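# Descriptive analysis of the structure
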Amino acid sequence: MKPAAVSSTAPREETDSQPLPPGWRSYTSPEGLKYYVNSCSKETTWRRPSLLAESPQRPLARQNSSPYANGCHGSTKTSAPTETAAVALRKPTINKQPPGSVSPAKRQIKEVKETKITINCVTFPLPGEGPEQQLLKPNEWSYCDYFWTDKKDPQGTTSVAGFEVLLQKQLKGKQMQKEMAEFIHERIKIEEEYAKNLSKLSLSPLAAQEEGTLGEAWTQLKKSLHDEAEVHLKFSNKLHSEVEKPLLTFRGDNFKKDLKKYDHHIADLRKQLASRYASVEKARKALADRQKDLEVKTQQLEIKLSNKTEEDIKKARRKSTQAGDDLMRCVDLYNQTQCKWFEEMVTTSMELEKLEVERIEWIQQHLRQYTTLRHETDMFNQSTVEPVDQLLQNVDPAKDRELWVKEHNTGEVRPVDMDI
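In what follows, the accompanying structure is described. (Residues numbered from 1 in each chain as written. Predicted model: local features only at pLDDT ≥ 70, side-chain atom pairs only at ≥ 80, totals over all residues. Heavy atoms only, no water.)

### Things to note about the overall build of the chain
In plain terms, the rule: Here a strand is any run of E in DSSP of at least two residues, a helix any run of H or I of at least four, and the numbering for each starts at the N terminus. Remark: exposure states derive from per-residue accessible area (1.4 Å probe, protein chains only) relative to the maximum for the residue type, with buried under 20%, exposed over 50%, and partly exposed in between. Only heavy atoms enter the contact rule, under which two residues are in contact if any of them lie within 4.5 Å. Computed by Shrake-Rupley with a 1.4 Å probe, the accessible areas treat only the displayed protein chains as cover when residues are assessed.
The helix and strand tally for the chain stands at six helices and 10 strands. Counting the 420 residues in the chain, one finds 34% classified as buried. Looking at the chain alone, contacts between residues at least 24 apart form 68% of all its contacts between residues at least 6 apart. Of the roughly 26500 Å² of accessible surface on the chain, 54% is carried by carbon and sulfur atoms.

Here's what the structure looks like:
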């Protein structure tokens, strides 16, 4: 899925029956959270300011351009904390600190609902959160829609990337194709051996002395074995040229090399994504450290436990702002990399899907050729025995007897009684 874009929804100014202190206005962020902005000090807070408890406002020394000024989300313009900021600061269970440099008594911890989760450095929406994601190719069960997450291997020790599952499918298909060719080769050997034995048997002298119409039928039967042997030999030759050879030569050794290129390309993008994610985590920690340092110094100044000057606070605030900018930059780079990985996954997985369709259709075509040849073989075999059937139908014991008598008779005169 494409990385979620930074929310561009403009904040809405809120109206409330209870008046706010002078200079304060309330807004609702795109995430639905209400926050308050002081137009004078540029201070931003999640807590509603009170008329009674309002403390004097300290104007900032400069207007900060980062959403992380004042420790969190201060800005020169009135804007809500963006989705980027919310995502960048998310933790498994996180309490977001209110924006602005306010005293501990005025700070309020507000839990932020998580809407996304990162698994193996890839960011996914949580179930039920955000808009429903539509399939890229609905009703097609396309590769490009169902292999985004990783899964555990059978031993459960390591994760196998979804793209790796697709590659293994291609390699398995190549192996199945090779084994089918081996099967056809074995069939060819059987046909060749059968043809050889039929031809040899057709030359057998057994019952060669049978005579008459039955002898003719017997001679034709032996001859039919030779003809049938020729049919099976032709069948085996066609199996080799029209079935076995195409199965063997379809996608040669270069196919595996091409798959390795796909594998390395996607794996490199995943490595880049992991590197970007590590940078985000590092930047997130740096920001947290800078914000904590700013908070400590601010508290020490407020309760006068330190000689820290206002200049120290400004310096800490600048560092916090810079850390926030660095985090936003790292998140942006991460999202760019994830978007590139997404695009390549869609393009490559659909290419693998096309290759699988081609493989299945190719095998289907040549297995159908096998059945066609087999039917033809049966038909030719039938033609070899048709003369035998005709001659067997013409076998006539009376005719055979007549023929034999004519050839072998020793005289027609019968003996008579001798006279006394």
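### Considering the packing of helix 3 (residues 212-249) against helix 5 (residues 310-393)
Short version of the rule: Working convention: axes come from line fits to C-alpha atoms, limited for helices to the stretch in contact. Angles between N-to-C directions cover 0 to 180 degrees. When an angle is under 35 degrees it counts as roughly parallel; over 145 it counts as roughly antiparallel; between 65 and 115 it counts as roughly perpendicular; any other value is oblique. Polar here means any residue other than Ala, Val, Leu, Ile, Met, Phe, Trp, Tyr, Cys and Pro, which are nonpolar, and Asp, Glu, Lys and Arg, which are charged; Gly is therefore polar.
At their nearest, the axes of helix 3 and helix 5 sit 9 Å apart, and the two run at 170° to each other. Comparing the axis directions of helix 3 and helix 5 gives the class roughly antiparallel. Considering only residue class, the contact of helix 3 with helix 5 consists of 17 nonpolar, eight polar and seven charged.

### Points about the packing of helix 4 (residues 254-302) against helix 5
This is how the line gets drawn: A clockwise turn of the near helix away from the far one marks a right-handed crossing, whereas an anticlockwise turn of less than a right angle marks a left-handed crossing.
Packing of helix 4 against helix 5 brings their axes to within 8 Å, and their N-to-C directions diverge by 160°. Relative to helix 5, the element helix 4 lies roughly antiparallel. The handedness of the crossing between helix 4 and helix 5 is left-handed.

### Structural notes on the pairing of strand 8 (residues 122-125)
Our working definition: Two strands qualify as a pair provided that DSSP identifies no fewer than 2 bridges between them.
One ladder, built from four bridges, connects strand 7 (residues 116-119) with strand 8; its direction is antiparallel. Paired with isoleucine 117 across the bridge in strand 8 is phenylalanine 124. Between strand 7 and strand 8, which pair antiparallel and follow one another directly, the connecting turn spans two residues, one of which, asparagine 120, has a positive phi of 50°.

### Digging into a positive patch on the surface
Selection criterion: Each patch is built from residues that are more than 30% exposed by relative accessible area and take part in no salt bridge. Like charges join if they lie within 9 Å; nonpolar side chains (Val, Leu, Ile, Met, Phe, Trp, Tyr) join within 5 Å. The rule for a salt bridge is simple: a side-chain nitrogen of Lys or Arg has to be within 4 Å of a carboxyl oxygen of Asp or Glu. Counting rule applied: Lys, Arg positive; Asp, Glu negative; His and chain ends not counted. Just so you know, the charge point we use is NZ for Lys, CZ for Arg, CG for Asp and CD for Glu.
A cluster of like positive charges, contributed by Lys178, Lys256, Lys257, Lys260 and Lys261, occupies part of the molecular surface. Looking at the positive patch, the element that brings in the most residues is helix 4, giving four residues. Within the element layout of this structure, lysine 260 appears in helix 4.

### Re a nonpolar patch on the surface
Judged by side-chain polarity, Leu135, Trp141 and Tyr146 come together as a nonpolar surface patch covering roughly 360 Å² of accessible area. In this structure, tyrosine 146 sits in the loop between strand 8 and strand 9 (151-152).

### Here we look at the environment of asparagine 409
Heads up, the condition is: Two N or O atoms form a polar contact when they lie within 3.5 Å of each other; inside protein one atom must be a possible hydrogen donor and the other a possible acceptor, and for residues adjacent in sequence the pair counts only when both atoms belong to side chains.
With respect to the element layout, asparagine 409 can be found in the segment after helix 6 (397-408). You can call asparagine 409 partly exposed: its relative accessible area is 42%. For asparagine 409, the side chain forms a polar contact with the main-chain nitrogen of glycine 411, separated by 3.4 Å.

### Details of the side chain of arginine 359
Within the element layout of this structure, arginine 359 appears in helix 5. Overall, arginine 359 belongs to the buried group, its relative accessible area being 9%.

### Overview of the packing of aromatic side chains
The criterion, for reference: Aromatic contacts are taken between Phe, Tyr and Trp rings whose centres are within 6.5 Å, Trp giving its six-membered ring; a plane angle under 30 degrees counts as stacked, one over 60 as edge-to-face, and the others as tilted.
Across all of its chains, the model carries seven aromatic pairs by this definition. Geometrically, the ring pair formed by tryptophan 148 and tryptophan 341 is edge-to-face, given 5.5 Å between the ring centres and 75° between the ring planes. One end of the pair, tryptophan 148, is in the loop between strand 8 and strand 9; the other, tryptophan 341, is in helix 5, with 193 residues separating them in the sequence. Of the two residues, tryptophan 148 and tryptophan 341, neither departs from the other in class, the shared state being buried. Seen from their ring centres, tyrosine 277 and tyrosine 334 are 6.2 Å apart, and the 55° between their planes marks the pair as tilted. With tyrosine 277 in helix 4 and tyrosine 334 in helix 5, this pair connects stretches of sequence that are 57 residues apart. Overall, tyrosine 277 belongs to the partly exposed group, its relative accessible area being 23%. For tyrosine 334, a relative accessible area of 6% gives the class buried. Aromatic rings pair up to connect Trp148, Trp341 and Phe342 into one cluster.

### Examining unusual backbone geometry
Although it is not a glycine, tryptophan 141 sits at a positive phi angle of roughly 50°. For tryptophan 141, the position within the fold is in the loop between strand 8 and strand 9. One non-glycine residue with positive phi stands out, namely arginine 251, at about 55°. Arginine 251 gets classed as buried once you look at its relative accessible area, which sits at 13%.

### Considering helix 6
An α-helix turns once per 3.6 residues; consequently, residues spaced three or four apart project the same way. The criterion, for reference: One fewer than the residue count of a helix, multiplied by 1.5 Å, yields its expected span.
Compared with the 16 Å implied by 1.5 Å per residue over 12 residues, the 16 Å span of helix 6 between its first and last C-alpha is a close match. The N-cap of helix 6, judged by a side-chain oxygen 3.0 Å from the amide nitrogen of alanine 398 a few residues on, is aspartate 396.

### Focus: the pattern of salt bridges
Considering all chains together, one arrives at 16 salt bridges under this definition. A salt bridge links lysine 297 to aspartate 293, with the nearest nitrogen and oxygen atoms 3.4 Å apart. Of this pair, lysine 297 and aspartate 293 both sit in helix 4, four residues apart, roughly one helical turn. Notably, a salt bridge pairs arginine 374 with aspartate 378, separated by 2.5 Å at the nearest N-O pair. Taken as a pair, arginine 374 and aspartate 378 lie in helix 5 at a separation of four residues, close to a single helical turn. Classification of aspartate 378 as partly exposed rests on a relative accessible area of 37%.

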